[in-house]
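Structure at a glance
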Protein chains: 2
Amino acid sequence: EDGKTFFWAGKYADDMNSRETLDTQLNVFETFEPKLSEASKNADILFLANIQPDIQYEVRQQCANAKFVAMDSMDLWINIARDSLQRTIESVDGLLLNDGELKMLTGKPNLVQAAAEVRSWGPKVVIAKLGEYGAALFTEGGFFGLPAFPLHTVLDPTGAGDSFAGGFMGFIAAHHDEELDDALLRRAMAYGTAVASFNVEDFGTDRVSRLTAEEITERVSELARITHFEDSPIELGR
Amino acid sequence: EDGKTFFWAGKYADDMNSRETLDTQLNVFETFEPKLSEASKNADILFLANIQPDIQYEVRQQCANAKFVAMDSMDLWINIARDSLQRTIESVDGLLLNDGELKMLTGKPNLVQAAAEVRSWGPKVVIAKLGEYGAALFTEGGFFGLPAFPLHTVLDPTGAGDSFAGGFMGFIAAHHDEELDDALLRRAMAYGTAVASFNVEDFGTDRVSRLTAEEITERVSELARITHFEDSPIELGR
């Protein structure tokens, strides 16, 4: 911890699905005022990773022409910067959040109600990250659910959410000239899920740094196979 | 509680996804020796609902010719009748269990390892019930994951597992003359999920007793829609 970067210390429960924040040191970010380059200001696709929400808001304002802006956050900001967080959420197109944090943020008892509440604030896209259970997408078009990729061993869930966001936003950026409809968002969910699954197979960023495009598309195909069933009509009660 | 039936009292956590057993009264079932009719003994498809595992085993032995036998269980029997439970599991084709109970039963840290362990005992089919997160199927052919049907309001999760089992086994029974392959099992998972979703929308058995076949097949079609994404090849990094 060098005093210059946002620092988060926490621990995971034995099932690696729930997280407890032990310490957060904002350090230089407490007074940080982001100034983007002209090139960055012209970004088409913007992802505001988890940080103090006023900083996210400042960056978002500097990218006025972005076609799709999404953000992440965490329980800390819900607890200590609730108004700032809501203002920032109102300014973006998509919110990615853990399911527990979505319920905490909205005070709603389940994801369907929590996502509807967030969508009423502005974001057209809400993604609930469900840890080992996968992820869920809520849009005007409805609901899309995708299980996590089944892994024999999960070594380190740290960064699963960030790598999901990377795969998700990377897919959207790679298709920025196409219409951002539900079909594209669903495919982006699959790419996020695939990238996250590689991330948790190893400690740190080792596995992801060695990752090839072929490995990702192969895992996306596997996700399509393991979620498919035939909806052929049946005769009940024969 | 009339002293004549198996009695379970418990409570659900606020998120309606975890259950705590407060009291279990076996009553007459402690000394019950099931004697099946000849018609019942010839059952093709048999489901052993949650009860003391020696009773399940006795019933299973009387249905020697059943083509597919599945069972449910619960944490109580893992704790107080572990050997009986394992003997019964070894005698069936399919095990349905909550994910936490699957980990408890096998001592494995995740569902992939827990399901592989149970499959090494005999059952070719293992289903992990994931509450609000859906259900997962493990077979020799691999993994299938299905989210729960998204509901605005969950009134009462009591019986969700039993109604899932009813829809799942009912679909298999309705197709008992077909090969019980992964495609059929996946469709059965969707029917179980659909029936369970109706069950939790209301208290008790009211909603399920009014259920029509058309409502179930419509919800299965909806499940197919909300889990589908196009796996079309993409060019990464363009």
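Notes on the structure follow.

Concerning the sheet that holds strand β5 (residues 94-98) of chain A
Residue and element names in this part refer to chain A. On the basis of which strands lie adjacent, the open sheet formed by six strands has the order β3-β4-β5-β6-β7-β8 and mixed pairing. In this open sheet, the two strands that pair with only one neighbour each are β3 (45-48) and β8 (142-146). Sheet twist, expressed as the average angle between the axes of neighbouring strands with direction ignored, equals 15°. Inspection of the sheet shows β5 paired to strand β6 (residues 125-129) by five bridges, in the parallel sense. The partner of Gly94 across the bridge, within β6, is Val125. Against the sheet, helix α7 (residues 160-174) engages β3, β4 (68-72), β5, β6 and β7 (135-139), with an angle of about 170° to β3.

Quick word on the pattern of salt bridges
Residues and elements named next belong to chain A. For the coordinates displayed, the defined rule picks out 20 salt bridges over all chains. Close ionic contact of Arg207 with Glu215 constitutes a salt bridge, the shortest N to O distance being 2.7 Å. On the basis of relative accessibility, which here comes to 13%, the residue Arg207 falls in the buried class. Across the salt bridge formed by Glu218 and Arg225, the nearest N and O atoms sit 3.2 Å from each other. What emerges from the salt-bridge pattern is a single network uniting Glu201, Arg207, Glu215 and Arg219.

Focus: the pairing of β6(A)
All names here are of chain A. In terms of burial, β6 is a largely internal element, five of the five residues being buried. Side chains of β6 alternate between two faces, with Val125, Ile127 and Lys129 and Val126 and Ala128 buried alike. Two strands pair when backbone bridges link them, and β6 and β7 are joined in this way by four bridges, in the antiparallel orientation. Residue pairing for β7: Ile127 is matched across the bridge by Leu137. Hairpin connection between β6 and β7: a loop of five residues separates the two successive antiparallel strands, and Gly131 in this loop has a positive phi of roughly 60°.

Structural notes on the relation of the copies chain A and chain B
When chain A is fitted to chain B, the best match, at an RMSD of 0.0 Å, comes from turning it 180° and sliding it 0.0 Å along the axis. Viewed as a symmetry operation, the transformation between the two copies matches a two-fold axis. A share of 100% of the interface residues of chain A reappears at the interface of chain B, consistent with the copies meeting face to face through the same patch.

With respect to the interface of chain A and chain B
At the junction of the two partners, chain A supplies 46 residues and chain B supplies 46 residues. Taken together, the links from chain A to chain B amount to two salt bridges. A salt bridge links B:Glu132 to A:Lys103; the nearest nitrogen and oxygen atoms lie 3.4 Å apart. Taken together, chain A and chain B are joined by 17 residue pairs in polar contact (both at pLDDT 80 or more). Among the secondary structure elements, those contributing two or more residues to the side of chain A that touches chain B are α5 (99-106), α6 (111-121), β8, α7, α8 (182-200) and α10 (213-226) of chain A. Looking at the side of chain A that touches chain B residue by residue, the classes come out as 23 nonpolar, eleven polar and twelve charged.

Cut-off values and rules
In every chain, residue numbers begin from 1 and rise along the written sequence. The lettering of chains begins at A and the numbering of ligands begins at 1, in the order of writing. Whole-chain, interface and lining totals are the exception, using all residues; otherwise, since this is a predicted model, local features are given only for residues with pLDDT of at least 70 and side-chain atom pairs are given and counted only at 80 or more. With hydrogens and water stripped out, all remaining heavy atoms of the structure feed into the side-chain values. The rule for pairing is simple: two strands pair if DSSP sees at least two bridges between them. Numbering goes from the N terminus for both helices and strands, where a helix is a DSSP run of H or I of at least four residues and a strand is a run of E of at least two. To get an axis, fit a line to the C-alpha atoms, keeping to the stretch in contact for a helix; angles then go from 0 to 180 degrees between the N-to-C directions. Note on contacts: a residue pair is in contact if any heavy atoms of the two residues lie within 4.5 Å. Salt-bridge detection follows one rule: a side-chain nitrogen of Lys or Arg within 4 Å of a carboxyl oxygen of Asp or Glu. Burial classification: accessible surface area is computed with a 1.4 Å probe over protein chains only, and a residue below 20% of its type maximum counts as buried, one above 50% as exposed, and the rest as partly exposed. Alignment of the copies relies on least squares applied to C-alpha atoms, considering only residues that score at least 70 for pLDDT in both. Here a polar contact is taken to be a pair of N or O atoms separated by no more than 3.5 Å, where protein atoms must pair a possible hydrogen donor with a possible acceptor and residues adjacent in sequence count only if both atoms sit in side chains. As a working rule, the residues Ala, Val, Leu, Ile, Met, Phe, Trp, Tyr, Cys and Pro are called nonpolar, Asp, Glu, Lys and Arg charged, and the rest polar, with Gly in that last group.

Purely spatial values, then, with no claim about function.
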